[in-house]
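Structural overview
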Amino acid sequence: MRTGVWLVGARGSVATTSIVGGLALRAGLTAPTGCVTELPALRGPALPTFADLFFGGHDLATTPLTKRAETLADAGVLPGRLAATLAADLTAVEEDLRPAPTGGTQADRAAAVVADLTAFRQRHRLDRVVMVDVSATEPAARPHPGHADPAALRAALAGPDEVLPPSSLYAYAAVEAGCPYVDFTPSTGLRLPALAELAVARGLPYAGHDGKTGETLVKSVLAPMFAMRHLAVRTWSGTNLLGGGDGATLADPAANAAKVSSKQRVLGETLGYLPQGGTRIEYVEELGDFKTAWDLITFTGFLGTGMRMEFSWHGCDSALAAPLVLDLARLTAAAHAAGRVGPLTDLAFFFKDPLGSPTHSLGEQWQRLVEFTGRLHAGGTA
Ligand SMILES: NC(=O)c1ccc[n+]([C@@H]2O[C@H](COP(=O)([O-])OP(=O)(O)OC[C@H]3O[C@@H](n4cnc5c(N)ncnc54)[C@H](O)[C@@H]3O)[C@@H](O)[C@H]2O)c1
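Because the structure is predicted, anything quoted here is derived from the model rather than measured.

Attention now moves to the overall build of the protein. Assigned secondary structure in the protein consists of 13 helices and 11 strands. For a compact globule of 382 residues, the expected C-alpha radius of gyration is about 21 Å, and the protein comes in at 20 Å, within 12% of that figure. Expressed as a percentage of contacts within the protein between residues at least 6 apart in sequence, the contacts between residues at least 24 apart total 76%. Of the roughly 15,400 Å² of accessible surface on the protein, 58% is carried by carbon and sulfur atoms. Side chains of the protein give 32 positive and 37 negative charges; the mean places of these two sets differ by 4 Å.

On to the environment of Thr235, then. Inspection of the secondary structure puts Thr235 in strand 7 (residues 232-242). C-alpha separation for the pair Thr235 and Thr373, spaced 138 residues apart in sequence, amounts to 37 Å. In this structure, Thr235 is in contact with Pro275, Gln276, Leu296, Ile297 and Thr298, ignoring residues within four places of it in sequence. Of note is the side chain of Thr235, whose polar atom sits 2.6 Å from the side chain of Thr298.

In the structure shown here, the tally under the stated rule is 15 salt bridges. With a shortest N-O distance of 2.7 Å, Arg11 and Glu94 are connected by a salt bridge. Taken together, the residues Arg11 in the loop between strand 1 (3-8) and helix 1 (13-26) and Glu94 in helix 4 (residues 87-94) connect sequence positions 83 residues apart. The class for Glu94 is partly exposed, based on a relative accessible area of 22%. Of the charged contacts in the structure, one is a salt bridge between Glu38 and Arg43, with a shortest N-O distance of 3.8 Å. When its relative accessible area of 47% is taken as the criterion, Arg43 is described as partly exposed. A single network of salt bridges, built from pairs that share partners, joins Glu38, Arg43 and Arg330.

What counts and how
- Residues numbered from 1 in each chain as written.
- Predicted model: local features only at pLDDT ≥ 70, side-chain atom pairs only at ≥ 80, totals over all residues.
- Heavy atoms only, no water.
- Helix = DSSP H or I, 4+ residues; strand = E, 2+ residues; numbered from the N terminus.
- Rg over C-alpha atoms; globule rule 2.2 N^0.38 Å.
- Contact = heavy atoms within 4.5 Å.
- Areas by Shrake-Rupley, 256 points an atom, 1.4 Å probe, with all protein chains shown as cover.
- Lys, Arg positive; Asp, Glu negative; His and termini not counted.
- Charge placed at Lys NZ, Arg CZ, Asp CG, Glu CD.
- Polar contact = N/O pair within 3.5 Å; in protein donor to acceptor, adjacent residues only side chain to side chain.
- Salt bridge = Lys/Arg side-chain N within 4 Å of Asp/Glu carboxyl O.
- Buried < 20%, exposed > 50% of the residue type's maximum accessible area, 1.4 Å probe, protein only.

Distances and angles like these do not, on their own, reveal function.
Rendered as structure tokens:
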């Protein structure tokens, strides 16, 4: 199944690590550590192989991909020898990266994205192209009447207003081009009624939101433990220190607010109440792509005895995110091939703020993912 992976934010850290990782897996230069679709419980014939994946994308930035890979290698995110060995493959992918359209109306820019997606699909004779948004986090979208209804949206896009935030304009273009869509960011993306309606009308599946790779991943394991043991969590406070492009973006209070609200949802929905405390994100340039999270949890047990736990997490964000980007592209492509339409709620395992998932518990989400993938491999409509 020849599958295009179209990355919005294609020159960013997560995208570059995904491309280098995908090319390295195709060449047999690395093991699929971190790719959950390679676990025995999920592996199988319905998924495109790594050799079936073709990369392309849009970015506002113009730094060559080989340069971005070298920078990530210098920062210890990926091995320097990989960036060097894959230089020719990266140069080939460079041919499929396009500048983010600017100017004109939003309808003009969406048409330019559709044209780029269509040309990519034809150039490589792809069965389908999955768009994955890994671009910089945006502030929450400003409401507009066009968000509610496809006809009103189309009319508004042809006018002079900025009707959609960039993430949603890409999602709209993906739908118009017949591409399944994955939102790895906390941005609005396809989460507008008009876009969801259009995706369903076009027979497309979509997944999101916001990849779960660090502090929230740990929370989605620990919070069910407190709930299942009937322990009362009094406070849960976390501090995240991160550098890199994502850290710089999140230094902006509006983007930070979108991320923080996505990180807190897991607690309220798993415990059934919201403990005191919050999550803070701080930009520390020196940390680059490495993130440190410190969490302090206080809780009470039988007879009101007070206790506490603390954890610290030191993760390389892009190395944690990139294998999930590859997993999501493979799973969403297979879901599209199987005729799945609308939100892929069984992919909640991957997200901080999952679409329509009845649970935030990682264990339950894993079970749903295994069953979903099993149905895809069995040739059903999942
Ligand atoms: N790394 C993780 O563990 C993780 C987890 C969950 C979510 N995310 C999200 O993934 C996204 C990418 O993270 P990153 O570390 O690669 O960030 P980054 O800053 O390195 O990359 C973002 C890229 O998006 C590009 N961009 C910005 N606006 C654009 C637009 N309108 N059109 C096209 N490209 C645009 C930028 O030029 C940049 O190259 C962020 O939104 C982040 O919140 C990352």
